[in-house]
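# Structural features, examined
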Amino acid sequence: MKAKWFVGLLALTVVVISGCKSPKPPALGEPLANLTREQRAQFDEGKQVFQRVFKPEDGLGPLFNGNSCAECHEKPVVGGVGDEVEIHATRFTPPDSCDPLFEEGGPVVQQDATPLLRALGVLKEPVPLHATAQGRRSSPPLFGFGLVDAIPEATILAHEDAMHSHGDGIRGHANRTIDGRVGRFGRKAAVATLFEFNAGAFPQEMGITTPFSPTEETISGTPIPPETDPVPDPEIGTNDIEKVTAFTRFLAPPPRQVFTSSSDRYLAERGRKLFAELQCAACHIPKMRTGLSTVKALSRKKVALYSDLLVHDMGTNLADICLNKAHPPEFRTEMLMGLRFRDKFLHDGSAKTVQEAIERHGGEAQRSRDRFKALSDRDKKALLKFLNSI
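Residues numbered from 1 in each chain as written. Predicted model: local features only at pLDDT ≥ 70, side-chain atom pairs only at ≥ 80, totals over all residues. Heavy atoms only, no water.

## Some details on the overall build of the chain
Along the backbone of the chain there are 12 helices and 10 strands. Relative to the globule expectation of 21 Å for 390 residues, the C-alpha radius of gyration of the chain, 23 Å, shows essentially globular dimensions. The principal-axis extent of the C-alpha atoms belonging to the chain is close to 95 × 50 × 35 Å. Taken over 390 residues, the chain has a buried fraction of 49%. Across the chain, contacts joining residues at least 24 apart in sequence account for 69% of those joining residues at least 6 apart. (Helix = DSSP H or I, 4+ residues; strand = E, 2+ residues; numbered from the N terminus. Rg over C-alpha atoms; globule rule 2.2 N^0.38 Å. Buried < 20%, exposed > 50% of the residue type's maximum accessible area, 1.4 Å probe, protein only. Contact = heavy atoms within 4.5 Å.)

See below:
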């Protein structure tokens, strides 16, 4: 009798456990799970500011690239990528001197102007005269950026130390801000925090002054004609920057692709193993963990970012500008999470497919690139299937 009772209880336990499912991750563009009611309200309010379309009477311009955060981060949902490709320019003097050309309007070169400035014959900002190179930049997706912001500096630097001890030609290093902090945002990892990333976008991308950048950008070092900019500075306050930062901080990472076909699952698993065998994962590190945070949704969480957040030499064919401690051929390892939601690739959006982007890797990534090119068609398909799942 006892045996029958035990077997029945065991069977019931199996049924209960098998019926339990892990929580469904947030859909693309939704906030992180486990936010408090107040944090969810901050996300929603920040999204409104993120989508706000600024006009000249609100402070837009006079020089700008876009009139809204969402203009450059809109596909396939708000917070994603955009069609825009902008121009950056700096001056590099070997071996290690990088000038962002602030005095000449650099490093971001605005490509549009308001009607009042156009009336004076200025249609866009010219490239700084003393620039040694120009770089084209596509808009990155912002999904999961709050989790990336919460990764401790020590975690990033630990990967830097580990790389230098391997002796395999991969020698990534952290980029640094002017005051020495570890960078993580931007194609050259020149920005340390999410707040600074957002605070910089208002003046650099929309020409909107802030308490941190209270004066307008110049035209090749010449002040903007005052009659073209009638709105008092600063044109927005810290509160609006904090709202946008709340939206991007609480924006969930992209959900993984779940394949229903057994053949697709097998192919993706084969691709995952190849990703490691080809040493792609040496730089595109699959996961990191956030540090302790007062925000439960950000505290000690795994982040499937597929990046080491370090800058690496990608070869002369991709080289463009310097920025802080990153030399012209050095770029931050691209975060691959949500790769399947993009339609153009590399830092400048010039690669039309993931395969093209891989095949244009050089420098420290050349060995992995050559191994990829030597794969059979079926193995290439497997690797690309895996990349389409993350």
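## Remarks on the packing of aromatic side chains
The geometry of an aromatic ring pair comes down to the distance between the two centres and the angle between the two planes. Per the stated rule, a full pass over the model turns up 10 aromatic pairs. Taken together, a centroid distance of 6.4 Å and an interplanar angle of 85° make the contact between Phe54 and Phe202 edge-to-face. Linking Phe54 in the loop between α2 (37–51) and β1 (63–64) with Phe202 in helix α7 (residues 194–206), this pair joins segments that are 148 residues apart in sequence. Of the two residues, Phe54 and Phe202, both sit in the buried class. Geometrically, the ring pair formed by Phe185 and Phe197 is tilted, given 5.7 Å between the ring centres and 45° between the ring planes. With Phe185 in the loop between α6 (153–164) and α7 and Phe197 in helix α7, this residue pair connects regions lying 12 residues apart in the sequence. On the basis of relative accessible area, Phe185 is assigned to the buried category, the value being 0%. Within the aromatic cluster, the residues linked to one another by ring pairs are Phe43, Phe50 and Phe247. Over the ring of Phe331 we find Lys188, and its NZ or CZ is 4.0 Å from the ring centre. Seen from the ring of Phe372, Lys380 lies directly overhead, with NZ or CZ sitting 5.7 Å from the centre. (Phe/Tyr/Trp six-rings, centres within 6.5 Å; stacked < 30°, edge-to-face > 60°. Lys NZ or Arg CZ within 6 Å of the ring centre and 35° of its normal.)

## Topic: the pattern of salt bridges
Under the counting rule described, the total for this entry stands at 18 salt bridges. A salt bridge links Asp320 to Arg137, with the nearest nitrogen and oxygen atoms 2.8 Å apart. In this pair, Asp320 is assigned in the loop between β9 (311–313) and β10 (330–332) and Arg137 in strand β6 (residues 133–138), connecting sequence segments 183 residues apart. The same class applies to Asp320 as to Arg137, namely buried. (Salt bridge = Lys/Arg side-chain N within 4 Å of Asp/Glu carboxyl O.)

## Quick word on the state of the cysteines
Evaluation of the coordinates by the stated rule reveals 1 disulfide. Across the disulfide, Cys98 is cross-linked to Cys322 (sulfur-sulfur distance 2.2 Å). Taking the sign of the S-S torsion, 90° for the link of Cys98 and Cys322, the bridge is right-handed. Pair noted here: Cys98 is in strand β3 (residues 97–99) and Cys322 is in the loop between β9 and β10, with a separation of 224 residues, a long-range link. With no disulfide of its own, Cys69 has Cys72 as its nearest cysteine by sulfur position, at a separation of 8.6 Å. Here Cys69 falls in the buried class, since its relative accessible area comes to 10%. Not engaged in a disulfide, the cysteine Cys283 finds its nearest cysteine sulfur in Cys280; these two sulfurs lie 9.0 Å apart. Residue classification places Cys283 among the buried residues on the basis of a relative accessible area of 14%. (Disulfide = S-S within 2.5 Å.)

## Quick look at the nonpolar core
If you look at the biggest cluster of nonpolar residues, it comprises 46 residues, and the most contacted ones within it are Leu32, Phe50, Val148, Phe202, Phe250 and Leu305. Secondary-structure elements contributing two or more residues to this core are α2, α3 (69–72), α5 (145–149), α7 and α8 (238–249). For this core, the element with the highest residue contribution is α7, accounting for 5 residues. Of all hydrophobic cores here, the second largest spans 24 residues; its members include Leu278, Leu318, Leu336 and Ala382. (Core = buried A, V, L, I, M, F, W, Y, C linked by side-chain atoms within 4.5 Å.)

## Comments concerning the environment of Thr290
Looking at the secondary structure, you find Thr290 in the loop between β7 (288–289) and β8 (302–303). Accessibility expressed as a relative area gives 4% for Thr290, which makes it buried. Excluding residues that lie within four positions of it along the chain, Thr290 makes contacts with Leu147, Ala150, Ile151, Pro152, Leu298, Ser299, Arg300, Lys301 and Val303. A polar contact of 2.7 Å, which involves the side chain of Thr290, links it to the backbone nitrogen of Lys301. (Polar contact = N/O pair within 3.5 Å; in protein donor to acceptor, adjacent residues only side chain to side chain.)

## A closer look at the side chain of Gln39
Take Gln39: it is sitting in helix α2. Separated by 2.9 Å, the side chain of Gln39 and the backbone nitrogen of Thr36 make a polar contact. With residues near it in sequence (within four places) discarded, Gln39 still touches Asn34, Phe250 and Val295.

## Thoughts on unusual backbone geometry
With an omega of 5°, the peptide bond between Pro94 and Pro95 qualifies as cis. A cis amide bond, omega -5°, links Gly106 with the succeeding residue Pro107. Summarising the element assignment, Pro107 is placed in the loop between β3 and β4 (108–109). Even without a glycine there, the phi angle at Ala189 is positive, about 55°.

## Looking at the packing of helix α9 (residues 262–277) against helix α12 (residues 377–387)
The geometry of α9 relative to α12 is characterised by a closest axis approach of 7 Å and an angle of 95° between their N-to-C directions. Looking at the two axes, α9 sits roughly perpendicular to α12. For the pair formed by α9 and α12, the contact residues are Asp264, Tyr266, Leu267, Ala268, Arg270, Gly271, Arg272, Leu274 and Phe275 on the first element and Arg378, Asp379, Lys381, Ala382, Leu383, Lys385, Phe386 and Leu387 on the second. When the residues that make up the contact of α9 with α12 are grouped by side-chain class, the tally is 9 nonpolar, 1 polar and 7 charged. (Axes fitted to C-alpha atoms, helices over the stretch in contact; angles between N-to-C directions. Parallel < 35°, antiparallel > 145°, perpendicular 65-115°, else oblique. Nonpolar A, V, L, I, M, F, W, Y, C, P; charged D, E, K, R; others polar.)

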